[in-house]
Amino acid sequence: MFVIICGKKVPIILKSGRAMKNTLGEFCTETEEISIKQSTPKELRRRTLSHECFHAFLHFTGYAYLLDDISANCEEALTRAFDSGMGNMLRYPKDVEEWINA
Ligand SMILES: [Zn+2]
């Protein structure tokens, strides 16, 4: 599965709970991949994926660097505001939607 963010193909990798430790999702700035805990409850899948897509958006646009200059928590706060307010408005490729709704 993948999404296109800022014209870049970003893989979405479903990982085990052991691999994901204490988080449901993660965007890695080195590999530019989104990892999602496979066992994420259905009701949290769209919001979790939207959250990580927004982190990727901030990374690709360069805004993550500006937010880092303000505060270590600024990017996370902005990303949470996005996912809680608008994350449910994003739609994904068919295979991703099938996972979200499985
Ligand atoms: Zn986050």
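See the structure above.
Thresholds applied
- Residues numbered from 1 in each chain as written.
- Predicted model: local features only at pLDDT ≥ 70, side-chain atom pairs only at ≥ 80, totals over all residues.
- Helix = DSSP H or I, 4+ residues; strand = E, 2+ residues; numbered from the N terminus.
- Rg over C-alpha atoms; globule rule 2.2 N^0.38 Å.
- Buried ≥ 20, exposed ≤ 12 C-beta atoms within 10 Å, placed from the backbone.
- Pairing = 2+ DSSP bridges.
- Expected span 1.5 Å × (residues − 1).
- Arc of directions from axis to C-beta.
- Contact = placed C-beta atoms within 7 Å.
- Axes fitted to C-alpha atoms, helices over the stretch in contact; angles between N-to-C directions.
- Parallel < 35°, antiparallel > 145°, perpendicular 65-115°, else oblique.
- Left-handed = near helix turned anticlockwise from the far one by under 90°.
- Nonpolar A, V, L, I, M, F, W, Y, C, P; charged D, E, K, R; others polar.

1. A short note on the overall build of the chain
For step 1, the next point in the chain: Broken down by element type, the chain carries five helices and four strands.
For step 2, the next point in the chain: In terms of C-alpha radius of gyration, the chain reaches 13 Å, essentially the compact-globule figure of 13 Å for 102 residues.
For step 3, the next point in the chain: Principal-axis analysis of the C-alpha atoms places the extent of the chain at approximately 40 × 30 × 30 Å.
For step 4, the next point in the chain: Looking at the chain as a whole, 25% of its 102 residues qualify as buried.

2. So, the pairing of strand β2 (residues 8-15)
For step 1, the next point in the chain: Of the strand pairs in this sheet, strand β1 (residues 2-5) and β2 are connected by four bridges, and their pairing is antiparallel. The residue of β2 that forms the bridge with Ile 4 is Lys 9.
For step 2, the next point in the chain: In this structure, the hairpin formed by β1 and β2 is closed by a connection of two residues, where Cys 6 is found at a positive phi of approximately 55 degrees.
For step 3, the next point in the chain: As paired strands, β2 and strand β4 (residues 33-37) are joined by four bridges and run parallel to one another. Counted as the bridge partner of Leu 14 is Ile 36 from β4.

3. Some words on helix α4 (residues 74-86)
The periodicity of an α-helix, 3.6 residues per turn, causes residues three or four places apart in sequence to face the same way.
For step 1, the next point in the chain: Between the first and last C-alpha of α4 there are 18 Å, a value that for 13 residues agrees with the 18 Å anticipated at 1.5 Å per step.
For step 2, the next point in the chain: All of the buried residues along α4 are Glu 75, Thr 79 and Asp 83. Buried residues in α4, looked at end-on, bunch into an arc of 60 degrees, giving them a common side. Structural note: α4 exposes Ala 77, Ala 81, Ser 84 and Gly 85 on the side pointing more than 90 degrees away from its buried face.
For step 3, the next point in the chain: The elements touched by buried residues of α4 are α2 (42-61) and α3 (63-70).

4. Focus: the sheet that holds β4
For step 1, the next point in the chain: Spatial ordering of the open sheet is given by β1-β2-β4-β3, a layout of four strands whose pairing is mixed. If you trace the sheet from one side to the other, it starts and ends with β1 and β3 (25-28), each paired once. Strand-to-strand, the axes of this sheet are offset by a mean angle of 25 degrees, without reference to chain direction.
For step 2, the next point in the chain: Sheet strands in contact with α2 are β1, β2, β3 and β4, and its direction is about 15 degrees off that of β3.

5. Here's the deal with the packing of α2 against α4
For step 1, the next point in the chain: As a packed pair, α2 and α4 sit with axes 9 Å apart at the nearest point and diverge in direction by 135 degrees. If you check the angle between α2 and α4, you find them oblique. Here α2 and α4 pass one another in a crossing that is right-handed. Counted together, Arg 47, Ser 50, His 51, Phe 54, His 55 and Leu 58 of α2 and Glu 75, Thr 79, Phe 82 and Asp 83 of α4 form the full contact between these two elements.
For step 2, the next point in the chain: When the residues that make up the contact of α2 with α4 are grouped by side-chain class, the tally is three nonpolar, four polar and three charged.

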